[in-house]
Amino acid sequence: MTSPAPYASTSLADLLPAVRYADPHLLAARLEDVRLPLGWWHATPLMEIERVIGAEALPHQVAQALRSLWPHVELGDVIPVLRLLDTPGVEPGKTVAQVAREAGPGVVDGDRALASAFGSILDRLHRRGVPREENEGARVRGAVATIARWLPADAPAEVREALAVLQGLEEDAEDGSSLVPVPESVEDEAGEQPRSVELPAPREVFEDHDPAAVVEEPHVGDDAPVPQSAPGMMAEPLAALTRLVGGWDERALVIAGQRMFTDEPVKLQDLGERFSVSRERVRQLERAVADSLTQWMVADEDGRAFAGHLAAVAERLGTVGQVAEVHALHPDHARPVEAMGVPLGDIVARLLPGGTLVGSWIVQGDAAALRAVMHEDLLAACGDTPLAWDEAVALGLRYGVRGEVLADWAADLGRFQVRDGRLLYWGRSLNDRAAAVLALHGKPMSMEDIHAQLADGTAINSMRNQIWTDERFLRLDRNLYGLRAWGGEEYLGIREMIAREIANAGGEAEVNAIAEAISSRFDVSAASVRTNLAGPGFARTRRGWVRVADQASEQDAPYVPRNDVAGTRRCFVGADGRWWYRAEMTADHLRGSGFPVPAGWAAHVGAAPQREPVQLRHEAGETSLTWRAQPTFGSVKPLLEHLGATAGDQVFFNVTDGHLNALRLPAPPDGLSPETGAARLTGWTAAVTPAEAAEVIARRIGMDPGQEGPALLERLAERGDKDIAELLERALSGAVPAF
């Protein structure tokens, strides 16, 4: 005898036979839902699934499974019935991946296309806006035959029984009965309203039984009433849920409040010890709580209204929303469910159909995929030039992200900020952020103005050094910087600008003309230009005219810096007489950025201003020491990786015969004494007394032994080694820090 509503018992496995043979762990990762029974895809009717998670959420959940598990299989092979439905956008022979890819550039567009294809089956199956066709019986018979051919010989007996049922329905259809009849109303044939399903009392569900037994799931019959979604939110959702949990025992309430609906769930082991049961038993109890909620929202009047309330909240939030928004959407959401000690809003946030809780965000569908594709699109849209806010909102709406949450969502995706009505990428490095500031303002800025806009505590000298060594920036004046992409004349310094003017004039130029040309274009006085013209590097040719001096003899002579290496900060001599320069490693060093070094040490290893870079070999490759505005090392990232250096380490560099040597000193342990810490900054790692520390430090900075403390401290101050001087002074005075 034909069921009055055979479609009501159709499960996902009936439409996607492949789920019966797929890895259950892979299926669970993509289809399992706390609101649904375990393994629901095998036998739970799809009508019940739709009632719980929503008619729109189910196709999207299936779409994600299709794309993840069967991307290279023809869509018609995975869903055989699609071959008979002429689904728009699904061409014969197209694989799952092809259908998804041709729908649009993003993962979300692909999921929508697959969800639309599967949703068309559900609409046809449930008679939602689909007219009956005269040849429908033949099409259904063809679908049953396709499934029968697809079924492997070793299919389980229950699968073959299901196929037999479909074939029996096919035979009934040949007699003129409809395989998928549409009831005229929710009343049954006798004119009576369908009876409600009586759920077991919650205390029955949570009674002790054999730990090996499986908790039985209450079953909703085929004649259960179809709930009607409420047009808006419930008036009193808290009262409805309170009535439900009022019948739960202590263990159910504790599991719900301290494990299911909290950001810091208690471990199964801890709850097992509390209840004197096994971890598996607690897991069963947790599943029973979830099943009780699911069945309540399907079969109880209060529960169906609550499910409608959840659907209204989900619709209001869209693709992404925040838990705080849920709390603000209804007065009840901020109030606690007393029996569990949890605000109703936290429970609602975790029960929203199709939603996934990621931190403080509720995301519909595949959260990781949405984050990845939106981050990529936002970065492409505003990575170089800030994006006007209305354009950013339009981009967000393409993914269903509302404008009111877009700023917070973009910031959570990764270092995007809204400033002055535009969205910009606030990069990871100081250089990235400085470039973002310039791009936002769209015009050159002084170093001080850029620093003020960063407002992140970075020292201005550190920022200046980073900008000077980054090719993205162009120095346009003595204290004016822009982006190289904008173009413009680069300011190289007074002497370099003079040399460029002379070269442009053919090798000889008039002093007054040079002074006028440079002072009119840059923030340099004509007097400063004339002073530099009178110095070394320029020669008089005739009265009032100059040329660049012959540098041959100067190139052969070593450059003499203002302070030699012994008077240069962070430079220390070893026992073998070689001088080492100490640098503290930062994320910029490790990422491969160049970095400035003191002039005294650079001159000591053979570098000089405006000369050819010093090429250096090291154990992991090569680098160079270049001296333009200041001496600067190229990238030493391979060498640092070879050493295993991390941020906070001290690395000592030495150059011998063109070879760059490096020694890594890890960040010091906590509790180091001041004298040991001071000596450590010179490369001495053994514990020392204050007197020994003074002896070591004096020797390391090139002073004669036996120095008095005041003289040593004065010398350290002259060199600029403030960090060592402060530690040594504390050690010599016996001062103890107050902390």
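This text follows the structure it describes.
This structure is a prediction, so every number in the text was calculated from the model and none was measured.

Chemist: Would you explain the overall build of the protein in this entry?
Modeler: Counting its regular elements, the protein contains 35 helices and 21 strands. When the 739 residues of the protein are sorted by exposure, 46% land in the buried category. Of the contacts made within the protein by residues no fewer than 6 positions apart, 59% connect residues no fewer than 24 positions apart. Carbon and sulfur atoms make up 50% of the accessible area of the protein, which amounts to about 36400 Å² in all.

Chemist: Please clarify how the pattern of salt bridges should be interpreted in this entry.
Modeler: For side chains bearing opposite charge, pairing can occur when the charged atoms are close. All chains considered together, the criterion is met by 25 salt bridges. Where R335 meets D332, a salt bridge forms, and the shortest distance between an N and an O atom there is 2.6 Å. Judged by relative accessible area, D332 falls into the buried class, the value being 6%. Across the pair D721 and R719 runs a salt bridge whose closest N-O atoms are separated by 2.8 Å. Residues participating in the shared-partner salt-bridge network are R316, E325, R402 and E404.

Chemist: I keep staring at the packing of helix α2 (residues 24-31) against helix α5 (residues 57-69) and nothing clicks. Help me out?
Modeler: Between two packed helices, what matters for the description is the angle formed by their axes and the separation of those axes. For the pair α2 and α5, the least separation of the axes is 9 Å and the interaxial angle reads 140°. In this view, α2 runs oblique relative to α5, as classed from their interaxial angle. Of the two possible hands of crossing, α2 and α5 adopt the one that is right-handed. Taking contact as the criterion, the partners of L26, L27, R30 and L31 in α2 are, on α5, Q61, V62, A65, S68 and L69.

Chemist: How should I be thinking about the environment of P666 in this particular structure?
Modeler: Tracing the backbone through its elements, the reader meets P666 in the loop between β21 (659-665) and α32 (674-680). Assessed through its relative accessible area of 34%, P666 is described here as partly exposed. Along the chain, P666 and V651 lie 15 residues apart, while their C-alpha atoms are 8.3 Å from each other.

Chemist: Honestly, the sheet that holds strand β11 (residues 509-510) in this entry has me stumped. Any pointers?
Modeler: Sheets are built from strands paired through backbone hydrogen bonds, the pairs being either parallel or antiparallel. Reading across from one edge, β11-β13-β12 is the order of the three strands in this open sheet, with antiparallel pairing throughout. Bordering the open sheet on either side are β11 and β12 (538-542), each of which pairs with just one other strand. Strand direction decides the pairing type here: β12 and strand β13 (residues 545-548), joined by four bridges, are antiparallel. The partner of R540 across the bridge, within β13, is V546.

Chemist: How do you make sense of the side chain of D721 when you look at a structure like this?
Modeler: Considering the arrangement of structural elements, one finds D721 in the loop between α34 (709-719) and α35 (722-733). Judged by relative accessible area, which is 1%, D721 ranks as buried. From its side chain, D721 meets the backbone nitrogen of R570 in a polar contact 2.9 Å long. Beyond its immediate chain neighbours, meaning those up to four positions away, D721 contacts R569, R570, F572 and L716.

Chemist: Any chance you could explain the pairing of strand β17 (residues 614-618) here in plain terms?
Modeler: Every other side chain in a regular strand lies on the same face of the sheet, so the side chains alternate between the two faces. A one-sided burial pattern is seen for β17, the buried positions being V614, L616 and H618 and the unburied ones Q615 and R617. Bridging between β17 and strand β18 (residues 621-627) involves five bridges; their strand directions are antiparallel. In the strand pairing of β18, H618 is matched with G621. Hairpin connection of β17 to β18: two residues between the antiparallel strands.

Chemist: Would you mind going over the packing of aromatic side chains with me for this structure?
Modeler: In this description, a pair of aromatic rings is defined by centroid distance and the angle of the planes. Summed over all chains, the structure comprises 11 aromatic pairs. With centroids separated by 6.1 Å and ring planes inclined at 40°, the aromatic side chains of F595 and F653 adopt a geometry described as tilted. Of the two residues, F595 is situated in strand β16 (residues 595-596) and F653 in strand β20 (residues 650-656); the sequence distance between them amounts to 58 residues. Residue F653 is classed as buried on the basis of its relative accessible area of 0%. Counting every residue linked through ring pairs, the aromatic cluster contains Y581, F595, W601, F633 and F653. One cation-aromatic arrangement involves R371 over W409; the distance from NZ or CZ to the ring centre is 5.6 Å.

Chemist: Any chance you could explain the pairing of β13 here in plain terms?
Modeler: Bridge analysis of β11 against β13 gives two bridges, and the strand direction is antiparallel. What sits directly across from A509, in β13, is V546. The hairpin formed by β12 and β13 contains two residues between the paired strands, and G544 there has a positive phi angle of roughly 85°.

Chemist: I tried to follow the environment of N431 on my own but got confused; where do I start?
Modeler: In this fold, N431 is placed in helix α22 (residues 430-441). Residue N431 is classed as buried on the basis of its relative accessible area of 6%.

Chemist: Before we go on, may I ask you to explain the sheet that holds strand β1 (residues 320-322) in this structure?
Modeler: With antiparallel pairing, the three strands of this open sheet are ordered in space as β1-β5-β4. The open sheet terminates on both sides in strands that have one partner only, identified here as β1 and β4 (355-358). On average, each strand axis in the sheet is inclined to that of its neighbour by 25°, with strand direction left out of account. Inspection of the sheet shows β1 paired to strand β5 (residues 361-364) by three bridges, in the antiparallel sense. From the neighbouring strand, Q322 faces β5, where its bridge partner is W361. Strands β1 and β5 of the sheet are contacted by helix α21 (residues 403-414), whose axis makes an angle of about 95° with β5.

Chemist: Help me understand helix α25 (residues 494-504) in this model?
Modeler: Residue pairs three or four apart in sequence face the same way in an α-helix, which turns once every 3.6 residues. Listing the buried residues of α25 in full gives M497, I498, E501 and I502. End-on view of α25: buried residues confined to an arc of 140°, all on one side of the axis. The exposed residues of α25 that point more than 90 degrees off its buried face are A503 and N504. Positioned one or two residues after α25, G506 has a phi angle of 100°, which is positive.

Chemist: So what exactly am I meant to see when it comes to helix α19 (residues 367-382) here?
Modeler: Taking 1.5 Å per residue, 16 residues should reach 22 Å; α19 reaches 22 Å between its end C-alpha atoms and fits that length. Structurally, the start of α19 carries an N-cap: the backbone nitrogen of A368 is 3.2 Å from a side-chain oxygen of D366.

Chemist: How should the nonpolar core be read in this particular structure?
Modeler: Inside soluble globular proteins, nonpolar side chains tend to come together where they are buried. Among the nonpolar cores identified, the biggest contains 42 residues, and L241, W248, F261, F306 and M340 are the most heavily contacted of them. Where this core is concerned, the elements lending two or more residues are α12 (237-245), α13 (250-260), α14 (268-275), α15 (279-299), α16 (301-317), α17 (323-329) and α18 (344-351). The leading source of residues in this core is α15, at seven residues. L16, L31, V52 and I79 belong to the second-largest nonpolar core, a separate cluster that totals 39 residues.

Conventions we followed
- Residues numbered from 1 in each chain as written.
- Predicted model: local features only at pLDDT ≥ 70, side-chain atom pairs only at ≥ 80, totals over all residues.
- Heavy atoms only, no water.
- Helix = DSSP H or I, 4+ residues; strand = E, 2+ residues; numbered from the N terminus.
- Buried < 20%, exposed > 50% of the residue type's maximum accessible area, 1.4 Å probe, protein only.
- Contact = heavy atoms within 4.5 Å.
- Areas by Shrake-Rupley, 256 points an atom, 1.4 Å probe, with all protein chains shown as cover.
- Salt bridge = Lys/Arg side-chain N within 4 Å of Asp/Glu carboxyl O.
- Axes fitted to C-alpha atoms, helices over the stretch in contact; angles between N-to-C directions.
- Parallel < 35°, antiparallel > 145°, perpendicular 65-115°, else oblique.
- Left-handed = near helix turned anticlockwise from the far one by under 90°.
- Pairing = 2+ DSSP bridges.
- Polar contact = N/O pair within 3.5 Å; in protein donor to acceptor, adjacent residues only side chain to side chain.
- Phe/Tyr/Trp six-rings, centres within 6.5 Å; stacked < 30°, edge-to-face > 60°.
- Lys NZ or Arg CZ within 6 Å of the ring centre and 35° of its normal.
- Arc of directions from axis to C-beta.
- Expected span 1.5 Å × (residues − 1).
- Core = buried A, V, L, I, M, F, W, Y, C linked by side-chain atoms within 4.5 Å.

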